[in-house]
Amino acid sequence: MFSGMGTSLAIFGLTLAIALPLGLAVVALQQATKLPDVSIPHGRFSIRKYLKLILRFIVRAYLLIMRGTPLMLQLFFFYFGPYYIFGIRGADRFVMAIVAFGLNYTAYFAEIYRGGIESISIGQYEAAEALGFTKSQTFFKIILPQVIKRITPPMGNEFMSLVKDTALARVIAVAEMFDVAAKAASGSASTIPFVMAGVFYLIMNSVVEQGFKRAERKLEYYK
Amino acid sequence: MKTNEILTVNNIRKSFGSNLVLNDISLTVSKGEALAVIGPSGSGKSTLLRCINQFETIDSGEILVDGEPMVTTNSDNAPVYADKAALRKIRLKIGLVFQNFNLFPHYSVLRNLTEAPVSVLNIPKGDAEAIAYGLLDKMGLSEKAEAFPYQLSGGQQQRVSIARAMALSPEILFFDEPTSALDPELTGEVLKIIRSLADEKMTMVIVTHEMAFARDVADSVIFMDSGVVVERGSPEEVFGSAREERTRQFLERYTRG
Ligand SMILES: Nc1ncnc2c1ncn2[C@@H]1O[C@H](COP(=O)(O)OP(=O)(O)OP(=O)(O)O)[C@@H](O)[C@H]1O
Ligand SMILES: [Mg+2]
């Protein structure tokens, strides 16, 4: 049971460690490949522009695939894919589970970040620019703190989903909490292990919820 | 060139697509002068301010700030902007007050005033705060230093935003309809502040629909229509005996409401 808990917690922690920064990187790429809204008339053939278009397409396809197909399918893909596509054997279950979870949650986090960033009015950027802030000062001092406040509630939801989603790692036989409980249940012909697993997820999510409540309260000092 | 010219705009043009928004605009602002810019909606007033404040690029013409070229035009009639460092230097000589304040909501009033001086001009925090308190005192907002923008009325927010721009000691301050987002009963307190800045000979360009205020406070008035400066004169000239028919029509329509 305890090793199952440890594995579930590890999936949760490592997924966040990957997806939180990587999601921001995806948004940065998305913003950097934005085409200007006014089409510039003197638009000669430019490699940069096509590179941008291609990158933009890749980001879009990635986001659609990750959010548009079941995480369970993605787990299978990352675990069996290396063998069926490249004939590579012996992919580590746990590592592949982390890859799948990481890439999947990166997509969801990227969407949340994007929503947060786009909700900041252009006036904030212009005010910062007029006051002489550099681009990076503007982002880190003016934009990011406001984004964090706005994305805290949706992030809370996403964290809670992740806690429950860790149980999916079982489909590639990662011995996480739910897997361990299911095996114990069938071994002892008892439902107690399932109850214990349920309690485990509930406790974890109440900790997550408390954490986010506290964070939201801390950010209530302004509107 | 006269040394007391803070802003020189020569023959600038600016189009958005096929819409020619600024059509050969020229104007100058001297040190200590308060210039009011009036004109109907869509005449290009905001665009003019945005071009001078580096939010839009011009198609041709030149802009000089405090004698330093911000943008000039080459022999092919294409604009040539100064290098990054020069543009930045010019930016810091210019202050801008927005119609809808654009205060930083996550900073206290005091921090709204000190953040740019500290992190842009590297002024020690203590000095920046002393300057900020001085400005807040002038704005009648001393007791609001610790407040957050959402706790202030629109008029108070706009006064903070004026103080925020002043905290960088700009050579010239631009206002784009500073009272248009305010309830009528709150415009007075903001106009009073701008008037006091005029009394102190702060160089200002004020886009406004407040004709009585423009008449009262400005040293000179520009009437813009369809991207051109139709006429420029003293408030008495423009409001009392405008030379151009278009100006008279606008003012008549305006005073009739
Ligand atoms: N970013 C933009 N893209 C395209 N057209 C624009 C843009 N900004 C302004 N315009 C157009 O330029 C013209 C002048 O607009 P501008 O905002 O400068 O007028 P204004 O004199 O400030 O009007 P108002 O009194 O309503 O504020 C308008 O026709 C407007 O539609
Ligand atoms: Mg305007």
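Since the structure is predicted, the reported quantities are computational estimates derived from the model, not experimental observations.

Rules used throughout
Residues numbered from 1 in each chain as written. Chains lettered and ligands numbered in written order. Predicted model: local features only at pLDDT ≥ 70, side-chain atom pairs only at ≥ 80, totals over all residues. Heavy atoms only, no water. Near = heavy atom within 4 Å. Polar contact = N/O pair within 3.5 Å; in protein donor to acceptor, adjacent residues only side chain to side chain. Helix = DSSP H or I, 4+ residues; strand = E, 2+ residues; numbered from the N terminus. Nonpolar A, V, L, I, M, F, W, Y, C, P; charged D, E, K, R; others polar. Pairing = 2+ DSSP bridges. Buried < 20%, exposed > 50% of the residue type's maximum accessible area, 1.4 Å probe, protein only. Core = buried A, V, L, I, M, F, W, Y, C linked by side-chain atoms within 4.5 Å. Contact = heavy atoms within 4.5 Å. Salt bridge = Lys/Arg side-chain N within 4 Å of Asp/Glu carboxyl O. Axes fitted to C-alpha atoms, helices over the stretch in contact; angles between N-to-C directions. Parallel < 35°, antiparallel > 145°, perpendicular 65-115°, else oblique. Left-handed = near helix turned anticlockwise from the far one by under 90°. pLDDT = per-residue confidence, 0-100.

Residue and element names in this part refer to chain B. Taken together, 13 residues are adjacent to ligand 1, and Ser 41, Gly 42, Lys 45, Ser 46 and Thr 47 come closest. For ligand 1, an oxygen atom lies 2.8 Å from a polar atom in the side chain of Lys 45. Residue Ser 46 places a side-chain N or O atom 2.7 Å away from an oxygen atom belonging to ligand 1. Looking at the shell around ligand 1, the elements with two or more residues in it are strand E2 (19–30) and helix H1 (45–52). Sorting elements by how many residues they give to the shell around ligand 1 places H1 first, with three residues. When grouped by side-chain class, the residues that make up the shell around ligand 1 number three nonpolar, eight polar and two charged.

A word on the pairing of E2(B). A regular strand carries its side chains on alternate faces of the sheet. All names here are of chain B. As defined by bridge partners, strand E1 (residues 5–16) adjoins E2 across nine bridges and the pair is classed as antiparallel. Counted as the bridge partner of Phe 16 is Asn 19 from E2. From the end of E1 to the start of E2, which pair antiparallel, there are two residues, and Gly 17 there has a positive phi angle of about 60°.

Residue and element names in this part refer to chain B. Unusually for a residue other than glycine, Asn 102 sits at a positive phi of about 55°. Positionally, Asn 102 belongs in the loop between strand E7 (94–97) and helix H3 (109–119). You can call Asn 102 buried: its relative accessible area is 9%. Of note in this structure, Glu 177 is not a glycine but carries a positive phi near 45°. Within the secondary structure, Glu 177 sits in the loop between strand E8 (172–176) and helix H6 (184–199).

In terms of nonpolar packing, the biggest core is built from 89 residues, with Leu7(B), Leu27(B), Ile63(B) and Phe174(B) touching the most fellow members. For this core, the leading source of residues is helix H4 (residues 93–118) of chain A, giving twelve residues. In contact with Ile63(B), not counting residues within four places along its chain, are Leu7(B), Thr8(B), Val9(B), Ile12(B), Cys51(B), Ile52(B), Ile58(B), Glu68(B), Pro69(B), Met70(B) and Val71(B). Counting 36 residues, the second-largest nonpolar core is a separate cluster that includes Val97(B), Leu152(B), Ala163(B) and Leu186(B).

Our next topic: H1(B). All names here are of chain B. Of all eight residues in H1, six are buried; the element is thus mostly enclosed. The set of residues buried in H1 consists of Lys 45, Thr 47, Leu 48, Leu 49, Cys 51 and Ile 52. Gln 54 sits one or two residues past H1 and shows a positive phi near 65°.

Right, let's talk about the pairing of strand E5 (residues 68–73) of chain B for a bit. All names here are of chain B. Across three bridges, the pairing between strand E4 (residues 60–65) and E5 is antiparallel. Along E5, the bridge assignment pairs Leu 64 with Pro 69. Linkage of E4 to E5, two consecutive antiparallel strands, is achieved through a turn of two residues, within which Asp 66 is found at a positive phi near 55°. Taken together, the three bridges between E5 and strand E6 (residues 79–81) define a ladder with antiparallel strand orientation. In the strand pairing of E6, Val 71 is matched with Tyr 81. Linking E5 back to E6 in an antiparallel pair, the connection comprises five residues, with Asn 77 at a positive phi of about 65°.

According to the stated counting rule, one finds 24 salt bridges over all chains in the structure shown. A salt bridge links Arg67(A) to Glu111(A); the nearest nitrogen and oxygen atoms lie 3.7 Å apart. Taken together, the positions of Arg67(A) in helix H2 (residues 47–68) and Glu111(A) in helix H4 put the pair 44 residues apart, joining distant regions of the chain. Arg246(B) is the salt-bridge partner of Asp225(B), the closest N and O atoms lying 3.5 Å from each other. Of this pair, Asp225(B) sits in strand E10 (residues 220–225) while Arg246(B) sits in helix H9 (residues 245–256), placing them 21 residues apart in sequence. A relative accessible area of 38% places Arg246(B) in the partly exposed class. Through salt bridges with shared partners, a single network forms among Lys34(A), Arg67(A), Glu111(A), Arg114(A) and Glu118(A).

As a further point, take the side chain of Arg91(B). Position of Arg91(B) among the secondary structure elements: in helix H2 (residues 84–91). When its relative accessible area of 11% is taken as the criterion, Arg91(B) is described as buried. Here Glu129(A) takes part through its backbone oxygen, which lies 3.1 Å from a polar atom of the side chain of Arg91(B). Residues in contact with Arg91(B), not counting those within four places in the same chain, are Glu129(A), Ala130(A), Gly132(A), Asn53(B), Gln54(B) and Phe55(B).

Below, the discussion takes up the packing of H4(A) against helix H6 (residues 135–165) of chain A. All names here are of chain A. The contact between H4 and H6 brings their axes to 8 Å, and the two run at 140°. For the element pair H4 / H6, the angle class is oblique. Our pair here, H4 against H6, has a crossing hand that is right-handed. Of the residues in H6, those touching H4 at Phe 101, Tyr 105, Tyr 108, Phe 109, Ile 112, Tyr 113, Gly 116 and Ile 117 are Phe 139, Val 147, Ile 151, Pro 154, Met 155, Glu 158, Phe 159, Ser 161, Leu 162 and Asp 165.

In this section: the confidence of the model for chain A. Detailed reading of the predicted model is not advised wherever pLDDT is low. In the predicted model, chain A carries a mean pLDDT of 91, and 96% of its residues have values of at least 70. Here residues 38–42 of chain A is a poorly scored stretch, pLDDT under 50, and it has zero contacts once near neighbours within four places are set aside; other chains count.

Before going further, it helps to examine the confidence of the model for chain B. Mean pLDDT over chain B works out to 95, with 98% of the residues at or above the 70 mark. For this predicted complex, the interface confidence reaches an ipTM of 0.94, while the overall pTM sits at 0.89.

Residues and elements named next belong to chain B. In space, the five strands of this open sheet follow the order E2-E1-E4-E5-E6, with antiparallel pairing throughout. The open sheet has two edge strands with one neighbour each: E2 and E6. Each adjacent strand pair in this sheet contributes to an overall mean axis angle of 15°, direction not counted. Sheet strands touched by H2: E4, E5 and E6. Its angle to E5, the strand with the most contacts, is close to 120°.

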